[in-house]
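Next come the chains, spelled out residue by residue.
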Amino acid sequence: MEKQYRYFNRDISWLSFNHRVLLEADDDDLPLYERINFIAIYSSNLEEFYKVRVAEHKAVASGGKSEDMTVDEAHELIRRIAEIVNAQLEDRIRIYEQKILPGLRDNHIIFYQSKREIEPFHRDFVHRFFMEEVFPYLQPVKIEKGRVRMFLRDKRQYLAVQVCSAETGEVEYYIIKMPYSKLPRFVELPRQGENYYLMFLEDIVKANLAEIFIGYEVDCSYCCKISRDADVFVDDVPSESMVEKLKEKVKRRKIGAIARFVYDRKMPADFLAFLMDAFSISSEELVPGDKHLNLEDLSSLPNPNPEVKPLIKPAPMRLAGLDGKHFMYRRIAAKDLMLHYPYHSFDHFIHFLYEAVHDPFCKEIMITQYRVAEHSEVINALIAAARNGKQVTVFVELKARFDEENNLATAELMRKAGIRILFSIPGLKVHAKVALVLRYNKKGEQIRSYAYVSTGNFNEQTAKIYSDIALYTCNKVIVEDMHTLFRFLRKEVEEPKFKRLLIARFNLLPELKRMIHHEIALVKSGKQGRIVLKMNALQDLAMIDELYRASEAGVKIDLIVRGICCLVPGESFSRNIRVTRIVDSFLEHARVWYFGNNGDPRLFIGSPDWMKRNLYRRIEAVIPVLDKDLKQELMDMLDIQLRANWKACWVDSELRNIFKRTPDEPKVRAQYDFYQYLRKKQEKDIES
């Protein structure tokens, strides 16, 4: 009989990760505004979680079809999520009110939290600012159940106001949308002495409600907001219809089903009940929040005090000689080149593209697009290549959630420039981050060409904050494999064969299983079995079972998983598995896999996590690292991350984040120590 294993629910596991993000705001050793930023990141993550994951569960709970859970299971999961989130929000309130606000005050930044706190010397300013700057944009709407229907926009913050008529004594309710598109969320007030002052825009409105409701007594007011279902499903749409269908569905995202109703938890029960009835909100959709909502906006909180210093993050390194002619070509021709963003500058890839633009032997450039920056330098380089006579092919994945509109716009821009655009494949996402430069001599014979495989997107903005790895190579076999992959995307081959690249839905899963089984066989023959897997998420139960069986056989396994991890450590079947989580200045985004192979290690980097969607429903690309020095570099990186005792924690069998801090050991901070490692290596290269 098959052994029964245990797994974490993916959403409950993700909540554990997001709580780990929040705990960075609780770290007194971090600069104040860095801690504030982690509250913003936690809040932004939670917003997207409700708009996508919880919205999906609510659809099932309402009778929608699901292969993974029943209606009752969906209701139970929503209940568990609400319980966990409510506990985390209590933590967020504690950190914000007991640490962040006092920390700001200690640094002479007074952040008013209510009208009662406003000092006499600011009252005239607040009133004047309201009347001149805010009042013209406010449109109070009376809430009348059964008579007037009002639609609450997604993610907008509203102020619900209860007033009492001075004439009739009747209680009335109004809703006011905050005008954040017209005005800043945070207003800087005049400085007094050594103190600087900030105020939420909604608090300025609250302080002046009497100016709006003439002839009424304002009883109370509370902030609230709606999060709506943001999922856009177009997998069942033929390619030729996908663009128009996607445009239609993206427009409808703003009016999706309610995923959650967040409200000030101090709102009285009768007030809340009135709003629930008026806006058809169910109890499952309720999420009690703080007095101030949309705290993801804290990422733009002004820092008026120049004495409050930001965190100094490592500056991206540039390889010596980058500005020279054909520098990237020559460097890759001499030896495979591996770069680590953001420790290395993404300018190297832009430079690589422009070398192809001006190379007379370059005839064709092929690249995938999943998420690109607005006003993208990558897109500009591809347009320049097309205008310079190169044949440019871009596979645009339209189904990249929340990037659909940008991808549609950039696709149209490229199409007008003469670039061949390939759109999404029905039922399949292309998540591979690959590029290919094909070169031919005057006889039409292919000469040295270049392939690029990365763990991250072609996005110069996220390349500054995501920790990713890219490999440049002119290895003929890999170039041929890459060409085969693009020919498949162009529908020129139906059953592609790959020799070196591992491509999801073709040879990736069989090869992964073979390597795991090989480590098991080594242990059974009396040798050591060793696996280290670094990724963003581990969810596929079939692959988790493979790791459980390897652990039971005695293979030593380390997992460095940033987010979702459905594998349960600390059990009898996982006694040889440790799970490490790293949260620091940069978002850990790289996927790196190490298999010991009896002293001749095999290492890989690529785009997929071990999620069902990545392994079975996407095109993902993984490249073996063949160069001995680069293999050692990756092993050193993994070693630093596993030794890290600051900003790193273990995940235990109850999904708790167990910090590794030990006072007797030297501090190891993985991201900053690896940056120093790369810098020293570069200095040695320059010297030699």
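Residues numbered from 1 in each chain as written. Predicted model: local features only at pLDDT ≥ 70, side-chain atom pairs only at ≥ 80, totals over all residues. Heavy atoms only, no water.

### Regarding the overall build of the chain
Along the backbone of the chain there are 18 helices and 28 strands. Relative to a compact globule of 688 residues, whose C-alpha radius of gyration would be 26 Å, the chain shows 28 Å and is just as compact. With the principal axes as the frame, the chain shows a C-alpha extent of 90 × 60 × 55 Å. Of all 688 residues assigned to the chain, the portion counted as buried reaches 59%. Long-range contacts, defined as pairs at least 24 residues apart, comprise 75% of the intrachain contacts of the chain with a sequence gap of at least 6. Element-wise, carbon and sulfur atoms account for 48% of the exposed surface of the chain, whose accessible area totals about 30200 Å². Charge centroids of the chain, computed over 106 positive and 101 negative side chains, lie 5 Å from each other. (Helix = DSSP H or I, 4+ residues; strand = E, 2+ residues; numbered from the N terminus. Rg over C-alpha atoms; globule rule 2.2 N^0.38 Å. Buried < 20%, exposed > 50% of the residue type's maximum accessible area, 1.4 Å probe, protein only. Contact = heavy atoms within 4.5 Å. Areas by Shrake-Rupley, 256 points an atom, 1.4 Å probe, with all protein chains shown as cover. Lys, Arg positive; Asp, Glu negative; His and termini not counted. Charge placed at Lys NZ, Arg CZ, Asp CG, Glu CD.)

### Regarding the sheet that holds strand 6 (residues 195–200)
The 3 strands lie next to each other as 1-6-5, forming an open sheet whose pairing is mixed. Looking along the sheet, the strands with just one partner apiece sit at the ends: strand 1 (109–112) and strand 5 (186–192). Across this sheet, the average inter-strand angle for adjacent strands is 25°, counted without regard to direction. On top of the sheet, helix 3 (residues 71–106) reaches strand 1 and strand 6; it is set at about 135° to strand 1, its chief contact. Relative to strand 5, helix 4 (residues 120–134) is tilted by about 145°, and along the sheet it contacts strand 1, strand 5 and strand 6. (Pairing = 2+ DSSP bridges. Axes fitted to C-alpha atoms, helices over the stretch in contact; angles between N-to-C directions.)

### Some points on the pattern of salt bridges
Side chains bearing opposite charge may pair, as long as their charged atoms lie close to each other. Considering all chains together, one arrives at 42 salt bridges under this definition. Linking D297 and R185 is a salt bridge whose minimum nitrogen-to-oxygen distance equals 2.8 Å. Of this pair, D297 sits in the loop between strand 9 (286–289) and helix 9 (327–334) while R185 sits in the loop between strand 4 (171–177) and strand 5, placing them 112 residues apart in sequence. On the basis of relative accessible area, D297 is assigned to the partly exposed category, the value being 24%. Where K499 meets E480, a salt bridge forms, and the shortest distance between an N and an O atom there is 3.8 Å. Within this pair, whereas K499 is found in the loop between helix 13 (476–489) and strand 18 (502–503), its partner E480 is found in helix 13, the two being separated by 19 residues in sequence. When salt bridges with common partners are traced through the structure, they connect D26, D28, R35, D91, R94 and K99 into a single cluster. (Salt bridge = Lys/Arg side-chain N within 4 Å of Asp/Glu carboxyl O.)

### Here's the deal with the nonpolar core
L547, L559, L567, W593 and W610 are the most contacted members of the largest nonpolar core, which totals 114 residues. In this view, L559 contacts L533, L538, L547, L567, I577, R578, V579 and T580; residues no more than four positions away in its chain are not counted. Membership of the second largest hydrophobic core comes to 54 residues, among which are V453, L630, L634 and L678. (Core = buried A, V, L, I, M, F, W, Y, C linked by side-chain atoms within 4.5 Å.)

### So, the packing of aromatic side chains
With the rule as written, the count across this model stands at 39 aromatic pairs. An aromatic cluster is defined as three or more aromatic residues linked by ring pairs; in this entry it consists of Y329, Y341, F346, F349, F352, Y450, Y452, F458 and Y472. (Phe/Tyr/Trp six-rings, centres within 6.5 Å; stacked < 30°, edge-to-face > 60°.)

### Looking at the layout of surface pockets
A water-sized probe rolled over the atoms picks out the places where empty space is left. Here the second largest pocket is characterised by a volume of approximately 440 Å³. When its residues are assigned to classes, the lining of the second largest pocket shows 9 nonpolar, 2 polar and 7 charged. (1 Å grid on protein atoms, 1.4 Å probe; cavity = no way out; pocket = protein on both sides within 12 Å on 5 of 7 lines; lining within 4 Å. Points joined across faces, edges and corners; volume = space filled by probe spheres on them. Nonpolar A, V, L, I, M, F, W, Y, C, P; charged D, E, K, R; others polar.)

### With respect to the sheet that holds strand 3 (residues 157–165)
Strands sit in the order 2-4-3-7-8-9 across an open sheet of 6 strands; the sheet is mixed. Pairing within the sheet leaves two strands with one partner each, and these edge strands are strand 2 (141–142) and strand 9. Where strand 2 meets strand 4, 2 bridges bridge the pair, whose relative direction is antiparallel. What sits directly across from K142, in strand 4, is Y174.

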